[in-house]
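Summary of the model geometry
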Amino acid sequence: MTSTPPDTAPASAGPPPVVGDGADLFAWLRETRRTDPVWIDPASGACHVLTHADALRVLSEPAVFSSDFSALAPPPEPGLPNFAEASLSVTDPPFHGRLRKLVSQAFTPRTVAGLEPRIAEVTRELLDAAAGREQLDLVDHLAGPLPVVVIAELLGIPTSDREMFRRWAEYLLPPSGDVTAGQFVEGGYAKTRAAELNEMADYLLSHVRDRRARSRDDLLSRLVAAEVDGERLTDKQTVNFAAFMLLAGHLTTTLLLSNALLCFEETPGSLSLLREDPSAVPTALEEVLRHRPPVVFLYRLTREDTRIGAVDVPAGRIVVTWIVSANRDERQFPDADRFDPRRTPNAHLTFSHGIHFCLGAPLARMESSIVLRALLDRYRDIACGEPEYHQRPDIFGVTRLPVTVRAA
Ligand code: HEM
């Protein structure tokens, strides 16, 4: 299923698209890390950062490497919701810090820990629904639905609206643009989904207003009540944060769960290792995150002239920070291409680094641990069939993963 490196394309040709298990892309990244660790696309001038040390620096210096692309994005269409506006991941300091403090007040480690029994219960229900089957699709039966149910419950979305909520998750992810050129979103996408995006914004707004009138025990109520230095979230910021939670926490977690099984399949003995010692599950999942990170790269924009490694980069350039490459950098990780379920330390960049470090990381870690333990309890054998991969450059993982299981 993996990874005999094919003949490598020259660096000047740019990164090949992620196809299948990404063997071509990994081969290009491995070679280019050696020859041009900061690779400049000759056509667009976009700057591609490939090593762990450089990626860490880019993600650590928001004063130089901005997350605000509003100057490059097409102007918001009148009459369409603009979910990017005041959204955590595309704001810079000082506004980012204020926004993050506010949402962190509502989305605390205690909130996440409190979800544990419910996640275990939903996992059980989903596995019960597939009981008796020897063949299942991991994405359809478990890894797809679980994260949506968890986010819906967390926010306080009624169970009866879940299906609609799940559908929206698909619409929120715009098609990716041309990565090599650092064109991050295909223009005009929002227009094609105007009805659905408006429906979603209106729906969330009605819930936000409801929580202002009548507080409940859910994240939307806590977001509405959060206050830092006399400042509160506006309705629009609350709606955007809820939509972002759905986008950021859904597909990524689905991919993590299916990527985990692919890593274990790739490395015989890893499932029995975890079965014998369940306390090894968190370490193994960190290695899954390093080895097959769901998010391939992150964009930044230089605010000023700077130098990365040996390369001068002018202000106003797109910087493509390759997480998949940083995570396989031989200078940071011995035997970097090998999946090692016992690897420690493991300073992968899959959840980013610095001020934008993934707010949902504790939830994703907890959710995947619960699922993995449930799978190990329930099945004696789990064997992956032929996966179908996402066909987009920014996502590494599968749309379908047939598995054959034998009950314990
Ligand atoms: C395996 C699962 C996940 C992965 C790989 C992942 C990855 C990431 C990455 C790479 C970023 C940083 C983006 C940047 O630096 O530009 C991020 C930010 C974020 N993630 Fe996650 N994420 C995951 C799950 C979740 C979940 C479950 C939630 C919440 C339900 C979530 C909520 C967020 C939020 C709110 C941010 C924005 C933080 C900020 O900009 O300050 N993520 N995530």
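Located above this text is the structure these notes cover.
Residues numbered from 1 in each chain as written. Predicted model: local features only at pLDDT ≥ 70, side-chain atom pairs only at ≥ 80, totals over all residues. Heavy atoms only, no water.

Here the focus is the overall build of the protein chain. Within the protein chain one finds 16 helices and 14 strands. The globule rule puts the C-alpha radius of gyration for 408 residues at 22 Å, and the 21 Å found for the protein chain is close to it. For the protein chain, the C-alpha atoms occupy an extent of roughly 60 × 55 × 40 Å along the three principal directions. A separation of at least 24 residues holds for 71% of the contacts in the protein chain among residues at least 6 apart in sequence. Carbon and sulfur atoms provide 54% of the accessible area of the protein chain, an area that totals close to 17,800 Å². (Helix = DSSP H or I, 4+ residues; strand = E, 2+ residues; numbered from the N terminus. Rg over C-alpha atoms; globule rule 2.2 N^0.38 Å. Contact = heavy atoms within 4.5 Å. Areas by Shrake-Rupley, 256 points an atom, 1.4 Å probe, with all protein chains shown as cover.)

If you walk across this open sheet you meet the 5 strands as β1-β2-β10-β7-β3, and the pairing is mixed. In this open sheet, the two edge strands, each paired with only one partner strand, are β1 (38-40) and β3 (65-66). Across 3 bridges, strand β2 (residues 47-49) lies against strand β10 (residues 318-322) in parallel orientation. Considered in β10, the bridge of Val49 is made with Thr321. Across the sheet, helix α2 (residues 52-60) lies against β1, β2, β3, β7 (297-302) and β10, angled at about 125° from β10, the strand it touches most. (Pairing = 2+ DSSP bridges. Axes fitted to C-alpha atoms, helices over the stretch in contact; angles between N-to-C directions.)

Another aspect to go through is the site of the ligand. Close contacts around the ligand come from 25 residues, with His96, Arg100, Ser352, His356 and Cys358 the closest. Here Arg100 contributes a side-chain N or O atom positioned 2.8 Å from an oxygen atom of the ligand. Examining the composition of the shell around the ligand, we find that 8 residues originate from one element, helix α12 (residues 235-266), more than from any other. Tallied by class, the residues present in the shell around the ligand amount to 14 nonpolar, 9 polar and 2 charged. (Near = heavy atom within 4 Å. Polar contact = N/O pair within 3.5 Å; in protein donor to acceptor, adjacent residues only side chain to side chain. Nonpolar A, V, L, I, M, F, W, Y, C, P; charged D, E, K, R; others polar.)

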